[in-house]
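# Observations on chain architecture
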Amino acid sequence: TIGFLRHSEIKHGRIAMFAFVGYIVQANGLHFPFQLTTSGITYADISAAGSPPEQWDALPTAAKIQIFGAISFLELIGERSDLLEAQGGKHYMMGGKPGVYPSLKSAGVP
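Structure report, in brief. (Residues numbered from 1 in each chain as written. Predicted model: local features only at pLDDT ≥ 70, side-chain atom pairs only at ≥ 80, totals over all residues. Heavy atoms only, no water.)

Another point: the overall build of the chain. The number of helices and strands found in the chain is five helices and zero strands. Along its sequence from the N terminus, the chain presents helices and strands in the succession α-α-α-α-α. Its C-alpha radius of gyration of 18 Å places the chain more than 25% over the 13 Å reference for a compact globule of 110 residues. Structurally, the chain occupies a C-alpha span of about 50 × 30 × 20 Å along its principal axes. Looking at the chain as a whole, 17% of its 110 residues are labelled buried. Long-range pairs, those at least 24 residues apart, make up 42% of the contacts in the chain between residues at least 6 apart in sequence. Accessible surface, the chain as shown: approximately 7900 Å² in total, 66% of it carbon and sulfur. Of the side-chain charges in the chain, 8 are positive and 8 negative, and the distance between the mean point of each set is 12 Å. (Helix = DSSP H or I, 4+ residues; strand = E, 2+ residues; numbered from the N terminus. Rg over C-alpha atoms; globule rule 2.2 N^0.38 Å. Buried < 20%, exposed > 50% of the residue type's maximum accessible area, 1.4 Å probe, protein only. Contact = heavy atoms within 4.5 Å. Areas by Shrake-Rupley, 256 points an atom, 1.4 Å probe, with all protein chains shown as cover. Lys, Arg positive; Asp, Glu negative; His and termini not counted. Charge placed at Lys NZ, Arg CZ, Asp CG, Glu CD.)

Okay, here's the thing in structure tokens:
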């Protein structure tokens, strides 16, 4: 159905906007003022690595795994049609509205 294409376009547009803002923030040296890890690595240390691609390379592997884990979790929640049905909606491939995301509270996330 065309619902897949619409949903994909909306999702990728949101991610592109989020990534652009993140890139601008990182490129201007803005960062959180606290530690990233319990081993003493701070956000300032990561920011001092240089450009945003160099900052990504400076991130510890555990931080990268957490980022990809969070993205995967949100993707799995977003594709669960039972959560959408519980809120009175439908999955975008079954005639639902593209771009709608289920509430995390109904998924049991505190």
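A separate point is helix 1 (residues 2–27). Compared with an ideal rise of 1.5 Å per residue, which puts 26 residues at 38 Å, helix 1 spans 37 Å between its outermost C-alpha atoms and is within 8% of the ideal. A positive backbone phi angle near 80° is found at Gly29, which sits one or two residues after helix 1. (Expected span 1.5 Å × (residues − 1).)

Taking 1.5 Å per residue, 18 residues should reach 26 Å; helix 4 (residues 61–78) reaches 26 Å between its end C-alpha atoms and fits that length. Those residues of helix 4 not exposed but buried are Ala63, Lys64, Ile77 and Gly78. End-on view of helix 4: buried residues confined to an arc of 165°, all on one side of the axis. Counted as exposed and oriented over 90 degrees from the buried face of helix 4: Thr61, Ala62, Ile65 and Leu76. (Arc of directions from axis to C-beta.)

Glancing now at the side chain of His91. Here His91 shows up in the segment after helix 5 (81–86). On the basis of relative accessible area, His91 is assigned to the buried category, the value being 11%. Of note is the side chain of His91, whose polar atom sits 3.0 Å from the side chain of Glu79. Setting aside its immediate chain neighbours within four residues, His91 contacts Glu79, Ser81, Leu84 and Gly96. (Polar contact = N/O pair within 3.5 Å; in protein donor to acceptor, adjacent residues only side chain to side chain.)

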